[in-house]
Amino acid sequence: MATLDSLKHALRQKAKATASSPMQLLSDTQYSAGFDILMQGPGWMTYQDFIIPQLSQLLAPLFNSRIHISALEIGPGPKSVLGYLPSRLRQKVRRYTAFEPNGLFAKRLEEWLCSTSETESPLPCLKTPPGIHGIPFALQDSIGRGSSTGTSNNDEKYDIILFCHSMYGMKPKNRFIERALDMLVERPQGGMVVVFHHDGALHFDGLVCNRTASFPTGVVRVANDDEVLDCFARFVAGFIMQDADVDKAIRLDWRNVCRTLGRREETYPDHLLFSLPNIMAAFTQHATTLPELAAQVPLVKGDKTVKNWEACLHRPASIIRPTEVRHVQQCVQWALKHGVGLTVVGGGHSGHCLWPNVVSVDMGAFNQVHILRAGEDGGDSGSDPGCLVVAEAGCKTEDIVRKAMAAGVTVPLGARPSVGAGLWLQGGIGHLARLHGLTCDAIVGAVVVSVDPTCGKILCIGHVPSQQQPAGAVHPENGLDLLWAMKGAGTNFGIVVSVTFKAFAAPTYLTRNWVVPLIDNLDARLRLSEFDKLIARKLHWNCSADAYLYWDAGQLHLGVTMFESSTTGLTFATPTPVDATPGLEDDPKVVDSVSLFETEMYVSRMHGGHGGGKTSSFKRCLFLKHIGEANVADHLIAAVETRPSPLCYLHLLQGGGAVGNVAADAAAFGCRDWDFACVITGVWPRDQDGTEVARSAVQWVYSVAGDLLSLSSGAYGADLGPDPRDAALAAKAFGPNGPRLARLKQTLDPHSVLAYACPLPKTLMERKLIILVTGESCAGKDFCANVWVSMLKNLTARAVSISDMTKREYAAATGADLSLLLSNRAYKEQHRPALTTFFQEQVRQRPRLPEEHFLNVVYSAVDVDVLLITGMRDKAPVAAFSHLVPDRLLEVHVQASEQTRWTRRGFHGGNSDGDDNKDSNNSRSNLTALDCRPNLIFNNDTTGNEAAKRFAERYLLPFFHEDLQRLANMVRPIPDFPRPGIEFRHVLGISQQPGGLALCTSLLQTHFTGDWAKVDALACCEAGGLVYASALASLVNLPLVLIREAGKLPPPTLSVIKPPSHISSLASNDSKEKRIEMERDVVPRGASVVVVDDVLSTGKTLCAVLQLLDEAGVGAEDVSVMAVAEFPVHRGRELLRQRGFGRINIQSLLVFGGA
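Rules and cut-offs
- Residues numbered from 1 in each chain as written.
- Predicted model: local features only at pLDDT ≥ 70, side-chain atom pairs only at ≥ 80, totals over all residues.
- Heavy atoms only, no water.
- Helix = DSSP H or I, 4+ residues; strand = E, 2+ residues; numbered from the N terminus.
- Contact = heavy atoms within 4.5 Å.
- Buried < 20%, exposed > 50% of the residue type's maximum accessible area, 1.4 Å probe, protein only.
- Pairing = 2+ DSSP bridges.
- Axes fitted to C-alpha atoms, helices over the stretch in contact; angles between N-to-C directions.
- Left-handed = near helix turned anticlockwise from the far one by under 90°.
- Nonpolar A, V, L, I, M, F, W, Y, C, P; charged D, E, K, R; others polar.
- Core = buried A, V, L, I, M, F, W, Y, C linked by side-chain atoms within 4.5 Å.
- Salt bridge = Lys/Arg side-chain N within 4 Å of Asp/Glu carboxyl O.
- Phe/Tyr/Trp six-rings, centres within 6.5 Å; stacked < 30°, edge-to-face > 60°.
- Parallel < 35°, antiparallel > 145°, perpendicular 65-115°, else oblique.

Q: Run through the side chain of Thr 284, naming residues and quoting values.
A: Turning to its location among the elements, Thr 284 is positioned in the loop between strand S13 (278–283) and helix H9 (290–294). Aside from chain neighbours lying at most four places away, what touches Thr 284 is Leu 181, Gly 191, Met 192 and Asn 210.

Q: Lay out the pairing of strand S34 (residues 866–870) with the relevant residues and their values.
A: By the criterion of burial, S34 is predominantly enclosed, with 5 of the 5 residues buried. Burial along S34 is two-sided: Val 866, Leu 868 and Thr 870 and Leu 867 and Ile 869, pointing in opposite directions, are all buried. In terms of strand pairing, strand S32 (residues 769–775) meets S34 through 4 bridges, oriented parallel. Bridge pairing in S34 links Ile 770 to Leu 867. Sheet analysis places strand S33 (residues 797–801) next to S34, joined by 5 bridges and oriented parallel. What sits directly across from Val 800, in S34, is Ile 869.

Q: Lay out the sheet that holds strand S40 (residues 1040–1045) in plain terms, naming residues and giving numbers.
A: Strand order in the open sheet formed by 7 strands is S41-S42-S40-S39-S43-S44-S45, with mixed pairing between adjacent strands. For this open sheet the edge positions go to strand S41 (1053–1058) and strand S45 (1145–1151), each flanked by a neighbour on one side alone. Between one strand axis and the next, the sheet turns through 25° on average, direction left out of account. Bridging between strand S39 (residues 1017–1021) and strand S43 (residues 1089–1096) involves 3 bridges; their strand directions are parallel. Paired with Ala 1019 across the bridge in S43 is Val 1091. Contacts from helix H33 (residues 1024–1036) reach S39, S40, S43 and strand S44 (1119–1126), with the element oriented near 165° to S39.

Q: Now, about the packing of helix H1 (residues 4–18) against helix H8 (residues 244–261): what can you tell me, with residues and values included?
A: Following both chains from N to C, one finds H1 and H8 inclined at 145°, their axes separated by 10 Å at the closest point. Relative to H8, the crossing made by H1 is right-handed. Contact with H1, carried on its side by Ser 6, Leu 7, Ala 10, Leu 11, Lys 14, Ala 15 and Thr 18, involves Ile 250, Asp 253, Trp 254, Val 257, Cys 258 and Leu 261 of H8 and no other residues of that element. Along the lines of polarity and charge, the residues of the contact of H1 with H8 split into 9 nonpolar, 2 polar and 2 charged.

Q: Please give an account of the nonpolar core that cites residues and values.
A: If you look at the biggest cluster of nonpolar residues, it comprises 140 residues, and the most contacted ones within it are Trp 424, Phe 493, Leu 636 and Ile 680. The greatest single-element share of this core, amounting to 10 residues, is contributed by helix H20 (residues 692–709). Once residues lying within four places of it in the same chain are set aside, the contact partners of Ile 680 are Phe 618, Lys 619, Arg 620, Leu 622, Tyr 649, Leu 650, Trp 700, Val 701, Val 704, Ala 705 and Leu 708.

Q: Mind laying out the pattern of salt bridges, listing which residues take part and the relevant values?
A: Counted under the stated rule, the structure contains 38 salt bridges. A salt bridge links Asp 230 to Arg 251, with the shortest nitrogen-to-oxygen separation between them at 3.6 Å. Of this pair, Asp 230 sits in helix H7 (residues 226–237) while Arg 251 sits in helix H8, and the two are 21 residues apart along the sequence. For Glu 1134, the salt bridge goes to Arg 1137, with nearest N and O atoms at 2.9 Å. Taken together, the residues span about one helical turn, with Glu 1134 and Arg 1137 both in helix H36 (residues 1132–1138) at a distance of 3 residues.

Q: Let's hear about the packing of aromatic side chains: which residues, and what values?
A: Applying the stated rule across the entire model yields 33 aromatic pairs. Summarising the aromatic geometry, the rings of Phe 204 and Phe 283 are spaced 4.9 Å apart at their centres and angled 80° between planes, so their arrangement reads as edge-to-face. Of the two residues, Phe 204 sits in the loop between strand S7 (192–198) and strand S8 (211–215) while Phe 283 sits in strand S13, which places them 79 residues apart along the sequence. The exposure classification of Phe 204 matches that of Phe 283, with both residues buried. On the numbers, 5.1 Å between centres and 45° between planes, the contact of Phe 951 with Tyr 955 is tilted. Of this pair, Phe 951 and Tyr 955 are both found in helix H30 (residues 946–956), 4 residues apart, which corresponds to roughly one turn of the helix. A network of ring pairs unites the aromatic residues Tyr 31, Phe 35, Phe 105 and Phe 235 as a single cluster.

Q: Which residues make up the side chain of Asp 532, and what values go with them?
A: Along the polypeptide, Asp 532 turns up in helix H16 (residues 521–535). Sequence-distant contacts of Asp 532, defined by excluding residues within four places in its chain, comprise Arg 537, His 626, Ile 627, Gly 628 and Phe 676.

Q: Let's hear about the sheet that holds strand S20 (residues 443–449): which residues, and what values?
A: Strands sit in the order S17-S18-S22-S20-S21 across an open sheet of 5 strands; the sheet is antiparallel. Each edge of the sheet is formed by a strand with only one pairing partner; in this case those strands are strand S17 (369–372) and strand S21 (458–462). The mean angle between the axes of side-by-side strands here comes to 15°, regardless of whether they run parallel or antiparallel. Looking at chain direction, S17 and strand S18 (residues 388–392) are connected through 4 bridges and run antiparallel. Bridge assignment links Val 369 to a residue of S18, and that residue is Ala 391. The sheet contacts of helix H12 (residues 397–406) involve S17 and S18, and relative to S17 the element is tilted by about 35°. Seen against the sheet, helix H15 (residues 479–489) touches S20, S21 and strand S22 (495–502) and runs at an angle of roughly 105° to S20.

Q: Account for the packing of H16 against helix H18 (residues 630–641), with residues named and values stated.
A: Packing of H16 against H18 leaves a shortest axis separation of 10 Å and a crossing angle of 125°. Accordingly, the angle class assigned to the pair H16 and H18 is oblique. Of the two elements, H16 crosses H18, and the hand of that crossing is right-handed. On H18, the residues that touch Asn 521, Ala 524, Arg 525 and Leu 528 of H16 are Ala 630, Ala 633, Asp 634, Leu 636, Ile 637 and Glu 641. Here the contact of H16 with H18 is composed, by residue class, of 6 nonpolar, 1 polar and 3 charged.

Below, the structure written as structure tokens:
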């Protein structure tokens, strides 16, 4: 799809080549008409999906720090961009000025901002009339000349200055930004200049951005109509021809240009589509501070040559080349002082190692490799890790391999000789991975310059040989966390100076290549299946098999390269990957670790060889299992068939073996369960960089990745960066480790110095509640969720459907209409059986899929206080998901009679819902058959929303009462107790604070969802439960059933075995089980009992109590549980469900994340 920028270039070239008439600038009317076309349909979606959300997020801290805001917009058009911000931000704007040279726009803007009796102004709290200046923004003082409305002052200063739509015609751009920076308020600091620009790059020649963002997927849709195209083409070109006849002729040519470059889609056959990428750049008063850094640290002289074509197109603010560790520290200190980010250049393969208007730190001077034999490291770890390889951050893979091989050792590095530290720190998939693990698995230590507020300390993490420890380096207390993070996400947590690897004996390799022409898709599927099942799965760990799917000479091919390593001589014996058929070629070679690089099939065989710098490529990688199964194989084959360039291919690198032997949570690299890493590779001739050919290949890679994502078990983070198209892949890049990485990022890089590395999940805010709304089809779950959102007046709340994710994946896999699946009940009912089958098959292939969907929904709503999720398919969602998030999870089951639900199925709106939990056996009566009890049940048989509102007032709003927060504040965190690394929450300490016991007891009484009048007794197990249960028993006037250690109660008693509690097991190594007991006849059989305890953690103690009550004749159906605090990370509810106690109603006053 051609960009608007390339269309403009083509239109101007056509006019220049065919017309001799002078050009004439557009009139206000002509410009306005073209602008209106730009803003229609998907053009406006750019504002909804990018500009307004980015601006809201960027300005929220600034607006929150000010009582009132003064704003200047440059080129806002007919409506203020600020007028679309959330109301809480718009209400802060008390003074508004705009430069809008288009007279029609200026008039419409004034009318829109000035409220009438019928409508409220989008900026409702302006203290003075808006100052609209009908002139361009100029480098010299321009306020006061030209036409204007409202009041103005030549010395006006602003909190926010916004270049709204572009900076076309403003040259040099850095001067205009500097002019705007001079107009920011000086006190308090924090004012900001923000630029949004359509299409093309923005270069500011030495100015440093505070923050940048991009939106490469913007699109403009134009009706394929002569009159509309005439209007649009002249708007894009920026002029018309003065001579009427010449102008008429050029309009015909311009229509043809538009129709040639515009893309047509089946969805809109009468329209032309053009790409409209957008970028945002934000500046503060610190934008001009680069000379301060340049005076301390050496700069790269001339242009920096990097491998990645995408990075080559970026123009950084500057490239710094430190030669000493202190230079790296100075870079970090400068970035922290001025609130800006940095990128890091290692091997130069990353598309984001250079970033527009951001300072890059080139680590090329740190290029030494050190080999330390066993006993030579002089380390202080107390244990000898054997032979070590220390590689500095500027080294390339080939440098390390050559130096190590000379010493008879190796490191399991990746398969590309020129890649650098970014690969080692984010994975590293090479031909020894099956034998020795990933590159990051071999990391035992690192030297890192921190980017936290300690201002660039030198940290020695893990085992670093004493010879390689820089002067002044320290061993951080959180070293274990940092080492864990380095092994898979290391580019996010500091600037790495060197990495220490565990070394292995250097092998010799036997490589063999086969190329099989494929007759048709059926043959391709069969060959992939044979390769997967008969060859790859049977290989020993010292062997690996790579496969290539590519198109050549008009035919699909399967290429296979076998790698077999040996350290004991050439005793190679591997099976043949495919039967001997015509066209099969076998070319065995015995090579060492250096020569191995040249044996890769893509280097010398495919398409005549991709080596030698003749081509450029763009890659994204997903992890797949069972590539021979029909659904996976069909996706792979279809991907190659849709390639936009004949050079594009899929590369399948074999995994398994030692890669999967590492637990998913043992290192930050958490994607371990895969057979092949599928590298989707878009390739084009290097002289086509930056053209439509390159853009099409990039879009193909993302499209294939999107199609395969639902079939994958994860994504490879090494290639990912700040491009928003990477967000979906990044969400699957770290397996179960995302939440832990998010917390570490917040701690170790709180000011986002390394904002352009692989994006980590966002840290969850202190959310107050996640409500899981479950129930039968047509019970009204979505309706109720929306009613409850409306009840949370002083909180930010949102209702979302988790089933939408399945619908999106189903639509992508089957071609179903997504918009109808999301909005049309009849259409969705037609697809319901297939949807259910699709979801079940997905879960079979990816057992963690429900968790992935849940976390995706949660992380997409990090900005809300209360999240309501409908469409849950899990029968026990709180037990299944509560350990994944630090928030309180609450299940509200909405039910209605069969007659009510039947009636609602006849309507497409009103009190109904749109999820996919239909179950013909579900009715109100069978709720008792579930093995897990929801926290709350709402009967939704009545019409209207009054019942739902009353339910919210009675059961939901109490969770937001300030008394609960007061109680939480009484729970004191105690670090490193009962052992280092544990933060203990002293729940029992509530009783030691004035008023604490009374407050806690009162909340236990009022939050109980049952009826105290129907309760016969309270039960508690010493010691924590005894404190709170005795006070509560006195308050509700009920007897107390004491459960104590064996031998402390008089006979006759009943007893059961109780495992040690979580804290007890941490405090000592004594894991001896004990018996607990209760008096035999203290509670009658069938009595209603409420168990009270201070903490619900692993659930083991509670299980023992429930077993004891069961022996006494009190069954689970007669028991409720009240806990003061719950720690869901230990999955106590899930244990209770597995032990048969899922039907018990469990309530907790407080919920804490962590241990």
